[in-house]
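Residue-level structure breakdown
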Amino acid sequence: MFNKRIKIKELLQTEVIGQEVTVMGWVRTFRNNQFIALNDGSTNNNLQIVVELGLLDDDTLKRISTGASLKVIGHAVASLGKGQKIEVKAKLIEILGDSDAEKYPLQPKKHSLEFLREIAHLRFRTNTFGAVFRVRHALAFAIHQFFNQKGFVYLHTPIITASDAEGAGEMFKVTTLPIDGTADKNEDGSINYKEDFFGKSTNLTVSGQLEGELGAMAFSEIYTFGPTFRAENSNTARHLAEFWMIEPEMAFCDIEDNMNLAEEFIKYLIQYAMDNNREDLEFLAQRLAEEEKQLPQDKRSEWGLIEKLEFVLNNAFERITYTQAITILLESNHYKKKKFQYDVQWGIDLQSEHERYLVEKHFKKPVIVTGYPAAIKAFYMRMNDDGKTVAAMDILAPGIGEIVGGSQREERLEKLEQRMKDMHIPTEEMSWYLDTRRFGTVPHAGFGLGFERMVQFVSGMTNIRDVIAFARTPKNCEF
Ligand code: 4AD
Ligand code: MG
């Protein structure tokens with residue numbers, strides 16, 4: 001009977017002193033043949049198991065090594081040691097699984113995050129990744145709670161699609177055709193996709209938005225939360241080829257409402273983690289502070305993780321237009337001293353160095369930028385009256401850069417069709433999408449929050465590979 005066990009988190013929180021308990025977990029350390037630090041992943045706090053002299057024979061004692069799994073039955077007693085209130089005096093210890101100390105890659109010492117990435121199958125067993133993935137879980141739960149409370153319908157949009165939602169062409173192909181060049185060809189030499197599994201060319205979705213819009217045109221408000229895929233060759237600390245995205249889509253909603261919802265949503269998630277994951281956040285704050293000690297003074301953050309999160313909670317996000325952003329950049333000393341690698345002028349796609357300057361140096365808080373040039377944004381964004389900017393909004397966060405991308409959608413059929421033609425988006429094949437504008441079109445808007453970037457922001461992890469269980473990045477698909 002395994003289910004009689006009590007989780008370590010619960011045991012450390014409840015008044016069970018004097019009672020007999022059963023606990024199970026993995027050995028973190030074993031000191032003096034007497035004190036086992038046991039962890040079951042429910043909390044970063046290890047439970048101290050006290051093994052009294054004579055309880056176990058020498059052979060069994062040797063088998064209690066880092067990584068081994070144990071079942072322990074014993075009495076919960078008040079602890080005399082510092083750092084813990086309760087420990088368990090063992091009556092019976094059963095070794096469930098041995099772990100050869102010589103071969104176990106996780107030694108009880110500090111390992112670099114780079115090394116842990118190579119043994120990502122074991123890294124959940126470290127304090128850092130235990131904390132990160134409990135926070136990730138909590139945020140995922142909070143996302144559903146937030147939208148559920150607001151009456152949004154959770155829509156599962158497809159993973160395999162035949163369209164390019166962002167029109168950026170950064171897609172992974174899905175095919176069952178042979179890739180050795182023997183696939184059937186059309187007369188013009190192109191691949192005959194009629195022979196392919198779906199009878200057409202398909203890919204992994206880059207975004208659930210277009211299907212999300214179809215849902216919003218019936219339910220008023222929906223959200224998606226699922227994996228999305230981008231075949232962009234970006235080897236950075238904030239790009240993944242497979243990442244999770246949350247995409248709410250709201251009918252009867254303009255860009256202003258959209259910004260308000262996004263800001264409320266981000267704050268809700270932070271508050272949820274602060275209320276429910278305090279211990280883990282405090283651990284991560286300390287980890288970050290130690291990591292930053294290695295950096296030169298000017299690269300360190302002014303605040304600790306918790307202070308940063310509190311500040312974001314308590315202050316309104318800055319809201320500026322793209323045009324204002326360009327002016328700020330052009331007037332900055334940074335620009336005058338030629339410290340930007342990329343040029344600044346109206347019309348450019350803001351580079352990450354520009355975004356970071358705006359949030360980290362200039363405003364020192366999250367910034368919502370609206371009114372981007374139409375030429376650098378996706379086809380579905382609503383054209384503003386000036387005829388050259390669109391009702392787009394990106395949220396830029398300190399240390400992360402773009403965390404949200406969204407817009408009010410072009411709900412006017414003719415304008416949308418024209419824009420699609422101008423941008424060589426096939427209007428015939430996307431006729432189903434245009435139907436939303438043909439039959440009962442309404443002003444609507446939505447956004448996408450990159451889940452891993454949000455987890456990075458809350459956990460303070462600097463590399464996106466460390467907030468997803470098994471990262472998919474260019475030239476890397478382990479596990
Ligand atoms: O700005 P993006 O490309 O917007 C969309 O996909 C829209 N369809 C969203 C919408 O309006 N419904 O992506 C949205 C967010 C970005 O702001 C970023 O946080 C994240 O998704 N993101 C990535 N995260 C990790 N790795 C990547 N390669 C990412 N690309 C985008
Ligand atoms: Mg974007």
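Residues numbered from 1 in each chain as written. Chains lettered and ligands numbered in written order. Predicted model: local features only at pLDDT ≥ 70, side-chain atom pairs only at ≥ 80, totals over all residues. Heavy atoms only, no water.

Remarks on the domain arrangement of the protein chain
The condition is simple: The start and end points of each domain follow an automatic or database-based domain assignment. Residues count as neighbours in contact if any of their non-hydrogen atoms are within 4.5 Å of one another. Accessible area, probed at 1.4 Å, shrinks when two parts are joined; the buried area is that loss added up over both. In the sections that follow, a salt bridge refers to a side-chain nitrogen of Lys or Arg positioned within 4 Å of a carboxyl oxygen of Asp or Glu. The term polar contact refers here to a pair of N or O atoms within 3.5 Å; inside protein, the definition further demands a hydrogen-donor-capable atom paired with an acceptor-capable atom, and it admits residues adjacent in sequence only when both atoms are side-chain atoms. Side-chain classes follow a simple rule in which Ala, Val, Leu, Ile, Met, Phe, Trp, Tyr, Cys and Pro form the nonpolar group, Asp, Glu, Lys and Arg form the charged group, and the remainder, Gly included, forms the polar group.
Assigned domains within the protein chain: domain 1 (8-109) and domain 2 (125-171 + 206-466). Between domain 1 and domain 2, the contact holds 10 residues from the first and 9 residues from the second. Approximately 760 Å² of surface area, both sides summed, lies buried where domain 1 meets domain 2, with 31% of it carried by carbon and sulfur atoms. For the domain 1 face of the interface with domain 2, the top three residues by lost area are R28, N44 and L106, together amounting to 57%. Inspection of the region where domain 1 meets domain 2 yields 0 salt bridges. Here domain 1 is connected to domain 2 by 7 residue pairs in polar contact (both at pLDDT 80 or more). Of the residues belonging to the side of domain 1 that touches domain 2, the class tally is 3 nonpolar, 6 polar and 1 charged.

Focus on the layout of surface pockets
Rules: Lining residues are defined by having an atom within 4 Å of a point belonging to a cavity or pocket. Those points lie on a 1 Å grid over the protein atoms alone, cavities being sets where a 1.4 Å probe fits but cannot get out and pockets being open sets with protein on both sides within 12 Å along at least five of seven lines. Grid points are joined across faces, edges and corners, and a volume is the space filled by probe spheres set on the points. Labels follow the DSSP assignment, with helices taken as runs of H or I lasting at least four residues and strands as runs of E lasting at least two, numbered in each case from the N terminus.
Looking at the second largest pocket, its volume works out to about 1100 Å³. Residue assignment for the lining of the second largest pocket shows that the elements contributing at least two residues are β1 (20-31), β2 (35-39), α3 (113-118), α4 (127-149) and α7 (278-293). For the lining of the second largest pocket, the element with the most residues is α4, which contributes 6 residues. Of the residues contributing to the lining of the second largest pocket, the split by class is 12 nonpolar, 19 polar and 12 charged. Two domains each provide a minimum of three residues to the lining of the second largest pocket, namely domain 1 (8-109) and domain 2 (125-171 + 206-466).

Section: the side chain of S42
One can find S42 in the loop between β2 and β3 (47-50). At 3.0 Å, the side chain of S42 and the backbone nitrogen of K9 are in polar contact. Among the polar contacts made by the side chain of S42, one reaches the side chain of D40 at a distance of 2.6 Å. Once residues within four sequence positions are removed from consideration, S42 is found in contact with K7, I8, K9 and R134.

Considerations on the nonpolar core
The condition that has to hold: Working definition of a nonpolar core: buried Ala, Val, Leu, Ile, Met, Phe, Trp, Tyr and Cys residues. They are joined through side-chain atoms within 4.5 Å. Only protein chains enter the calculation, and the probe is 1.4 Å; a residue is then buried if its accessible area is under 20% of its type maximum, exposed if over 50%, and partly exposed in between.
Counting 68 residues, the largest nonpolar core has I143, F147, F265, I270, I403, L449 and V458 as its most contacted members. Ranked by size, the runner-up nonpolar core spans 35 residues in total, among them A165, A325, M381 and L434.

Describing the site of ligand 1
This is how it is decided: Definition of nearness: a residue and a molecule or strand are near each other if at least one heavy atom of the residue lies within 4 Å of the molecule or strand. Note on areas: Shrake-Rupley with a 1.4 Å probe; residue coverage comes only from the protein chains shown.
Residues in close proximity to ligand 1 total 24 residues, the closest being E166, Q209, E247, E402 and I403. Interatomic distance of 2.9 Å between a side-chain N/O atom of E232 and a nitrogen atom of ligand 1. At a separation of 3.5 Å, a nitrogen atom of ligand 1 approaches a polar backbone atom of F447. The protein chains hide 93% of the 630 Å² of surface that ligand 1 would expose on its own. At the level of elements, β11 (242-251), β15 (401-408) and β16 (444-450) are the ones that each hand at least two residues to the shell around ligand 1. Element by element, the count of residues in the shell around ligand 1 is highest for β15, at 5 residues.

Brief notes about the sheet that holds strand β13 (residues 367-373)
Which entries qualify depends on this criterion: For two strands to pair, DSSP has to find at least two bridges joining them. All axes here are fitted lines through C-alpha atoms, helices being fitted over the stretch that makes contact, and every angle between N-to-C directions spans 0 to 180 degrees.
Read across the open sheet, the 8 strands follow the order β6-β10-β11-β16-β15-β14-β13-β12; overall the sheet is mixed. Both outer strands of the open sheet, β6 (153-154) and β12 (318-321), are each paired with one neighbouring strand and no more. As paired strands, β12 and β13 are joined by 4 bridges and run parallel to one another. Residue pairing for β13: T321 is matched across the bridge by T370. Across the sheet, helix α14 (residues 451-459) lies against β10 (221-229), β11, β14 (389-397), β15 and β16, angled at about 60 degrees from β16, the strand it touches most.

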